[in-house]
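Single-letter residue listing:
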Amino acid sequence: MSFELGAYSFGVAGRSPDGEVVSTAQAVWNMLEQIRLAEQVGLDFYGVGEHHTAAMPVSSPASVINAAAAITSTITLSTAVSVLSTDDPIRLYQQIATAAIVSGDRVEIIAGRGSSTDSFPLFGHDLGDYDRLYADKLGLLLAINDSERVSWESPFRPPLEDALIVPRPEKPIPIWLGTGGNPPSTVRAARAGLPVSYGILSGTPQYWGQMGTLYRQAGEQAGVEPSKLAISVAGHGFIGRDGAAAKQTFFRHESAAYAASGRFAPRSYAEVEAGYAPGGMVFAGDPSEIADRIIDLHHHLGHRRHFLQMDIGGMPHAQVLSSIELLGTEVAPRVHAELDARVAQ
């Protein structure tokens, strides 16, 4: 097992700060082009996120993954994340199992509660059941992945009695627990023997190293085999040959995205500069800096996969493609040269 690098997206539509207009249909096509390029430049992973907004319209990760499975041959494809609280675990499994078959078992699921609540009213769920829905549906998804016949009782659905769930790929689908770094979710993943995927937008390598320690200690206390525990990191990032320019470009688009979503939007780069610098968790800069920072985070956290969201806030598609190319051709070789032997241990 070598260290894995990749990208992820929720699809970007609307008008960018640079004036580019992208329809929701074009956002899907752009994502498929990003996936093709990611494979061509040697990246290991591409994650398809789930949101339900005009600005981030890729609301059905499984549909995109099925399309991508048919046009790629080596790259791992995953949801990033599936909002499991408002999805049907059976239908999600069936769709992803189909993609796994088409791809030759290159498909995974990152299952989370979701960083936004858009899907709750859309699919008729009570936000008060936020965590109970997730815990119940995660249990069902894991049971389905283990066996083609499932019996299940739940307060959220009619009971299943020896229900047949098909199709079945050649091997079980890797399922990760996705979290923004919530300690109880970290412990939940460890006790269940699930790999954990952290969505990291802030903090420091030292802080996330402590979270990794919590995860491994919780797994050890639960008697989980260490080989079942793994960590991946998803975060914001953008790569350009001019590191200072790359930071400023990404800042403009990240700020635009935050403002559009109603979140706090910094007024100047100075307010967030520390987060964009070594020791911060926004991976924007030139290839050498980004490689060094991923390696440094690995020293603290011991993660085995790192993937970046580059197309935030209406980032022009051509710039996203350029960043993906630099990640594959210049960042990845430096990271692999340093980390592959350590991850294999």
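For every chain, the first residue of the written sequence is number 1, and numbering continues from 1 onward in sequence order. The model is predicted, so local features are restricted to residues of pLDDT at least 70 and side-chain atom pairs to those at 80 or more, both for listing and for counting; the totals for chains, interfaces and linings are taken over all residues. Side-chain numbers here rest on the full set of heavy atoms in the structure, without hydrogens or water.

Asks: Go over the overall build of the protein, please, and point to the residues and values.
Replies: A count of helical and extended segments in the protein gives 11 helices and 14 strands. Throughout, radius of gyration means the C-alpha value; the globule benchmark is 2.2 Å times the number of residues raised to the power 0.38. Over its C-alpha atoms the protein spans a radius of gyration of 19 Å, differing by no more than 12% from the 20 Å that the globule rule assigns to 345 residues. By principal-axis analysis of the C-alpha atoms, the protein measures approximately 60 × 45 × 40 Å. Only protein chains enter the accessibility calculation, which uses a 1.4 Å probe. A residue is then buried if its area is under 20% of the maximum for its type, exposed if over 50%, and partly exposed in between. The 345 residues of the protein split such that 54% are buried. Contact criterion: two residues are considered in contact whenever any of their non-hydrogen atoms come within 4.5 Å of each other. For the protein, long-range pairs separated by at least 24 residues make up 71% of all intrachain contacts whose partners lie at least 6 apart in sequence. Per element, the accessible surface of the protein, about 14500 Å² overall, is 52% carbon and sulfur. Helix and strand definitions follow DSSP, with helices as H or I runs of at least four residues and strands as E runs of at least two, each counted in order from the N terminus. What sets the accessible areas is the Shrake-Rupley method with a 1.4 Å probe; for residues, cover comes only from the shown protein chains.

Asks: Go over empty space enclosed by the protein with me, naming the residues and quoting the values.
Replies: Cavities and pockets were defined on a 1 Å grid built over protein atoms only: a cavity is a set of grid points that admits a 1.4 Å probe from which the probe cannot escape, a pocket is an open set flanked by protein on both sides within 12 Å along at least five of seven lines, and lining residues are those with an atom within 4 Å of any such point. Grid points are joined across faces, edges and corners, and a volume is the space filled by probe spheres set on the points. All told, the structure shown has 2 cavities of 30 Å³ or more when counted by the stated rule. Broken down by secondary-structure element, the contributors of at least two residues to the lining of the largest cavity are β2 (14-15), α1 (24-40) and α11 (317-344). Examining the composition of the lining of the largest cavity, we find that 4 residues originate from one element, α1, more than from any other. Each residue is assigned to one class: nonpolar for Ala, Val, Leu, Ile, Met, Phe, Trp, Tyr, Cys and Pro, charged for Asp, Glu, Lys and Arg, and polar for all the others, Gly among them. Taken together, the residues of the lining of the largest cavity break down into 8 nonpolar, 8 polar and 3 charged. Of the voids in this model, the second largest cavity is the one considered here, and its volume is about 40 Å³.

Asks: Lay out unusual backbone geometry in plain terms, naming residues and giving numbers.
Replies: Cis geometry marks the peptide bond from Ala 80 to Val 81, where omega comes out at 5 degrees. With respect to the element layout, Val 81 can be found in the loop between β5 (76-79) and β6 (82-83). The residue Asp 162 is not glycine, and still its phi comes out positive at about 50 degrees. Mapped onto the secondary structure, Asp 162 falls in strand β9 (residues 157-164). Classification of Asp 162 by relative accessible area gives partly exposed; the value is 43%.

Asks: With reference to specific residues and values, describe the environment of Val 81.
Replies: Residue Val 81 is classed as partly exposed on the basis of its relative accessible area, which comes to 23%. Sequence separation between Val 81 and Ile 109 is 28 residues; the distance between their C-alpha atoms is 7.4 Å. Ignoring sequence-local partners within four residues, the contact set of Val 81 consists of Gly 49, Glu 50, Ile 110, Gly 112 and Gly 178.

Asks: Describe in detail the pattern of salt bridges, supporting the description with residues and values.
Replies: For this document, the term salt bridge refers to a Lys or Arg side-chain nitrogen within 4 Å of an Asp or Glu carboxyl oxygen. Under the criterion given, the structure shown has 12 salt bridges. The partner of Glu 330 in a salt bridge is Arg 241, with the nearest N and O atoms 2.6 Å apart. With Glu 330 in helix α11 and Arg 241 in the loop between β12 (231-239) and α8 (243-260), this residue pair connects regions lying 89 residues apart in the sequence. Residue classification places Arg 241 among the exposed positions, given a relative accessible area of 63%. A salt bridge links Arg 342 to Glu 338, with the nearest nitrogen and oxygen atoms 2.5 Å apart. One end of the pair is Arg 342 and the other is Glu 338, both in helix α11 and 4 residues apart, which spans about a single turn. According to the relative accessible area criterion, Glu 338 is partly exposed, its value standing at 33%.

Asks: Hey, could you go over the environment of Gln 248 for me, with residue numbers and the actual values?
Replies: By the element assignment, Gln 248 lies in helix α8. Residue classification places Gln 248 among the partly exposed residues on the basis of a relative accessible area of 38%. Counting along the chain gives 21 residues from Gln 248 to Tyr 269, while the straight-line C-alpha distance between them is 7.4 Å.

Asks: I'd love a proper account of the packing of helix α3 (residues 89-103) against helix α5 (residues 130-146), names of residues and values included.
Replies: Two numbers describe how α3 lies on α5: the axes approach to 9 Å, and their chain directions differ by 40 degrees. The angle between the axes of α3 and α5 places the two elements in the oblique class. You can see that α3 and α5 cross each other, and the crossing is right-handed. Taking contact as the criterion, the partners of Pro 89, Ile 90, Leu 92 and Tyr 93 in α3 are, on α5, Lys 137, Leu 140, Leu 141, Ile 144 and Asn 145. Here the contact of α3 with α5 is composed, by residue class, of 7 nonpolar, 1 polar and 1 charged. Where helices are involved, their axes are fitted lines through C-alpha atoms of the stretch in contact, as for all axes, and angles between N-to-C directions lie from 0 to 180°. Roughly parallel means an angle under 35 degrees; roughly antiparallel means over 145; roughly perpendicular covers 65 to 115; every other angle is labelled oblique. It is the rotation of the near helix from the far one that decides the hand of a crossing: anticlockwise by less than a right angle makes it left-handed, clockwise makes it right-handed.

Asks: Now, about the pairing of β9: what can you tell me, with residues and values included?
Replies: One ladder, built from 4 bridges, connects strand β8 (residues 149-154) with β9; its direction is antiparallel. Along β9, the bridge assignment pairs Ser 154 with Arg 157. Here the rule is simple: two strands pair whenever DSSP picks up at least two bridges between them. Hairpin remark: β8 followed by β9, antiparallel, with 2 residues in the connecting loop.

Asks: Which residues make up the nonpolar core, and what values do they have?
Replies: Grouped together as the largest cluster of nonpolar side chains are 91 residues, with contacts concentrated most on Ile 35, Tyr 46, Leu 77, Val 331 and Val 335. Examining the composition of this core, we find that 10 residues originate from one element, α11, more than from any other. Apart from residues lying up to four places away in sequence, Leu 77 is in contact with Ile 35, Tyr 46, Ile 65, Ala 68, Ala 69, Thr 72, Arg 106, Val 107 and Glu 108. What is meant by a nonpolar core is a set of buried Ala, Val, Leu, Ile, Met, Phe, Trp, Tyr and Cys residues, joined one to another through side-chain atoms within 4.5 Å. Counting residues in each nonpolar core, the second largest holds 9 residues, with Ala 80, Ile 110, Trp 176 and Phe 307 among its members.

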